[in-house]
Amino acid sequence: MTLRAEGVAFAYHGSPVLTGVDFTAETGVVTALLGPNGAGKSTLLKHFNGLLRPDAGRVLVDGTEIEDDEAILREVRSRVGFVFQNPADQLIAPTVRQDVTFGPRNIGVADAVDVDSLLARVGLPDAGDRHPHTMSNGEQKRVALAGVLAMDPDYVVMDEPTAGLDGDGAAQFVGLIEDLVAAGVTVLLSTHHVGFATTVADRIAVLTEGEIKYEGKDIDRETAVQFGLRTWAL
Ligand SMILES: Nc1ncnc2c1ncn2[C@@H]1O[C@H](COP(=O)(O)OP(=O)(O)OP(=O)(O)O)[C@@H](O)[C@H]1O
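Predicted model only: the values in this text are computed from it and were never measured.

The rules we used
- Residues numbered from 1 in each chain as written.
- Predicted model: local features only at pLDDT ≥ 70, side-chain atom pairs only at ≥ 80, totals over all residues.
- Helix = DSSP H or I, 4+ residues; strand = E, 2+ residues; numbered from the N terminus.
- Expected span 1.5 Å × (residues − 1).
- Contact = placed C-beta atoms within 7 Å.
- Core = buried A, V, L, I, M, F, W, Y, C linked by C-beta atoms within 7 Å.
- Buried ≥ 20, exposed ≤ 12 C-beta atoms within 10 Å, placed from the backbone.
- Near = placed C-beta within 6 Å.
- Nonpolar A, V, L, I, M, F, W, Y, C, P; charged D, E, K, R; others polar.

Peer 1: So, helix α7 (residues 167–182): which residues are in play, and what are the values?
Peer 2: For α7, which comprises 16 residues, the first-to-last C-alpha distance of 23 Å matches the rise-based estimate of 22 Å (1.5 Å per residue) to within 8%. The elements touched by buried residues of α7 are α6 (137–149), β8 (186–191) and α8 (194–200). Of the residues flanking the end of α7, it is G184, one or two places downstream, whose phi is positive at about 85°.

Below, the structure is given as C-alpha cells:
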C-alpha cells in the first residue's frame with residue numbers, strides 16, 4: 001500500500017513548482033520529504049488528499065488514482081489525514097472538543113469519537129473546553145492532529161510539523177509520531193530540518209528544483225548541504 005506521485009507537474013498561475021515528481025511513500029514507513037524553503041513540499045503533500053490536483057501526471061492512494069469524483073475524494077480523505085503547517089488554517093470551532101469532532105460530525109459519526117482519549121493521545125488531556133486560539137502554536141498543532149486522528153486515517157500527512165516549535169516542542173512531535181507508528185498509522189511529513197527528518201524517518205526524499213533529487217534511508221551532511229539544507233538541530 002502506498003501514496004504515490006507519478007510524473008506530477010504543478011504550477012501556480014503559470015509559475016511551475018513541481019515539474020515531474022516521481023515519489024512513493026510506503027505503508028508502515030515514516031517518510032520525510034526534505035527540501036529548502038519554497039521547494040514545493042507543501043504543494044506536493046497537498047496532492048495526496050486531493051487538496052491540489054496535478055496539471056500533469058497522476059497521484060494514487062493505495063493504487064486508486066485521485067480524480068475529480070466525489071466518491072473517490074471522500075474515500076481518499078477518509079484514508080489520508082492532512083495536518084496543515086499553520087494550525088490556524090485547520091482549527092475553526094470555538095472549543096477544542098468541537099474542533100476535534102468536526103470531521104466525524106460532517107459524516108455523521110461524531111458519537112463514535114472518544115475526544116478525551118484522542119486529546120490524551122496528543123498530550124492535551126484536559127484541553128477539551130479550551131478555545132483553540134488561546135493555545136500555543138505547539139498545542140494548536142496537537143489539537144489539529146487529534147482532529148485528523150478522529151477520522152481514523154491509514155495515513156497522516158504532516159506539513160512541517162515542527163515549524164515554529166522550539167526543541168522541546170519538536171521532541172514532543174517525535175514522540176507523537178512514534179506513537180502513531182505503533183498504532184499502525186503511516187506518516188509522511190515535510191521538513192527542512194535535517195536533524196528532525198533523520199531522527200524520525202525511515203526514508204528520506206529531497207525535493208528541489210521541481211523534482212525528487214535524492215532518496216535514501218538516511219542523508220549525510222555533505223549531501224544535505226549540497227541541496228541547501230543546513231538545519232541540524234531538532
Ligand atoms: N497559493 C499559492 N499561490 C501562488 N504561489 C504559491 C502558493 N502557495 C505556494 N506558492 C509558491 O509555490 C512555491 C512552493 O511553495 P511551497 O509552500 O509548496 O514550498 P515549501 O517547500 O513547502 O516551502 P516552506 O518550506 O517555506 O514551507 C513557492 O515559491 C511559493 O511562493
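Peer 1: Requested: an account of the nonpolar core, with residues and values cited.
Peer 2: Counting 69 residues, the largest nonpolar core has L34, V83, A146 and V157 as its most contacted members. With six residues, the single largest contributor to this core is α6. With sequence-adjacent residues up to four places away left out, V83 is seen in contact with A144, L145, V148, V156, V157, M158, D159 and P161.

Peer 1: Outline the site of the ligand, supporting the account with residue identities and numerical values.
Peer 2: In the vicinity of the ligand, the contacting residues are Y12, V17, G35, N37, G38, A39, G40, K41, S42, T43, E160 and H192. Ranked by residues supplied to the shell around the ligand, first place goes to helix α1 (residues 41–45) with three residues. Taken together, the residues that form the shell around the ligand break down as three nonpolar, seven polar and two charged.

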